[in-house]
Every structure is written in structure tokens, then in C-alpha cells.
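Spelled out from the first residue to the last, the chains are:
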Amino acid sequence: DGGITQSPKYLFRKEGQNVTLSCEQNLNHDAMYWYRQDPGQGLRLIYYSQIVNDFQKGDIAEGYSVSREKKESFPLTVTSAQKNPTAFYLCASSMRDGSGNTIYFGEGSWLTVV
Amino acid sequence: AQSVTQPDIHITVSEGASLELRCNYSYGATPYLFWYVQSPGQGLQLLLKYFSGDTLVQGIKGFEAEFKRSQSSFNLRKPSVHWSDAAEYFCAVGAKGNTGKLIFGQGTTLQVKP
């Protein structure tokens, strides 16, 4: 089935460690996105990529890094510099033709710092 | 500043009753508007979207929303709520050409009483 796959679903990290969240899509979408969700704050954009080998910072990029080496993959690394990384992370994708196509979301990954 | 406000953090309605969830936005350009629904611990599912044309849009699961430019609002409605509608609802706004960069409201949690 076509869709967006995020892994792992649950992840625990010790303080000071980097962790990478995986996001893969088989929708042939050009654009991919990472959002962070905290209770009571809705979703906030971390990074986005509209084309392979290019990506842009969103509203809360500090302490995060991404790569876009393949069209179908957009992994997110939460670095030790991220002050409060415990959150629910959502990956999304869409076409890039500017006509206002739908953005599709993955099922999310829970990250807990212990 | 660009923003989305969902004034009601939590709403409780009886099964079979009508529902209206409020959404107000502040956006400099012509907005593209969305409503998403999220079940606990899951990703977001698109209910409906407004890009242009008829200001009353129909979505999935019997939901509809009306765009009112003069009031900067995009309220979500359903004539008869089902218990399975209990979830969190997010209003979001984006710009033409880059609809994956969405600004989300804080969400409204809907509880349905039997």
C-alpha cells in the first residue's frame, strides 16, 4: 500500500545522545516535512525538503538535522543540542507542483528522553 | 504575524447532536485552509480543504466547513455526531505553492457523550 512509514514508533534516548528517526514514502512525492507535536501547542515545522539534496529550516530547526539523499527518504536526527526533545514527531509529504495538493502524514514517532 | 486560533480547547457534545468547531486565522496571502483529525497516538488524517471556489466545502465522514473571508474564519461542522468522531481536530493554513508548510492551531479535543 502507498503511504508514509515512520520508524521506530517509540524511542527512548539518554540525555546527550543523538537519535535518528526514519521516514520513508512510496507516494512519489517531491516534498517532505518534519513536524513536532507537543500537548497544547499543535504542530510546528522543523525542516522541509522540496527536492532531493535540498532542504530548508522550519520554525524550530535548532537542535535538529536532516538529509535528503533519496526522494523517498527524509530522516531526522535529534541531536544532543535539542534542549527538550521529548515529543511526538510527524513526517509528512506532498507533491510540489504548487497547485495546493494534499499533505499526507505518517503515523508518528514518540521520542522520550530518559 | 501568521497564526491560527482554535478558541475551544475542549468540547463535549452528545451523540447525535450537531457540532461546530471554530477556527480563525491571520494570514497575509490568500490562504489555503485545512481541517485534520487525529486519533490518540496516531498521525493526522485530512478531513477537508479549501483552496478556492465554493466557500462551503464537503469532506469525509460527513464533515463540512465554511470559509468566511470577512471573518477570517473556517469553522468545521457536522449535523449529527457519532461516538467515533471523538478525537482531536486541527485547523491549519498554508500558502499557495507550498502547502506542506502549514501553520496549525492548537487543536480542539472532542468528547462525545453516549
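The structure reproduced in this document is the subject of the present report. (Residues numbered from 1 in each chain as written. Chains lettered and ligands numbered in written order. Predicted model: local features only at pLDDT ≥ 70, side-chain atom pairs only at ≥ 80, totals over all residues. Heavy atoms only, no water.)

1. Re a nonpolar patch on the surface
All names here are of chain A. A contiguous nonpolar surface patch, about 480 Å² in accessible area, is contributed by Tyr10, Phe12, Trp110 and Val114. Residue position: Tyr10 is located in strand β2 (residues 10-13). Classification of Tyr10 as exposed rests on a relative accessible area of 54%. (Patch = residues over 30% accessible without salt bridge, like charges linked within 9 Å, V, L, I, M, F, W, Y side chains within 5 Å. Areas by Shrake-Rupley, 256 points an atom, 1.4 Å probe, with all protein chains shown as cover. Salt bridge = Lys/Arg side-chain N within 4 Å of Asp/Glu carboxyl O. Helix = DSSP H or I, 4+ residues; strand = E, 2+ residues; numbered from the N terminus. Buried < 20%, exposed > 50% of the residue type's maximum accessible area, 1.4 Å probe, protein only.)

2. Some remarks on the state of the cysteines
Within the structure shown, the criterion is met by two disulfides over all chains. Linked covalently through their sulfurs, Cys23 of chain A and Cys91 of chain A form a disulfide whose S-S length is 1.9 Å. Negative torsions about the S-S bond denote left-handed disulfides, and the value of about -75 degrees found for Cys23 of chain A with Cys91 of chain A makes this one left-handed. Remark: Cys91 of chain A occurs in strand β9 (residues 87-94) and Cys23 of chain A occurs in strand β3 (residues 19-25); sequence separation between them is 68 residues. For Cys23 of chain A, a relative accessible area of 1% translates into the label buried. Here Cys23 of chain B is linked by a disulfide to Cys91 of chain B, with a sulfur-sulfur distance of 1.9 Å. (Disulfide = S-S within 2.5 Å.)

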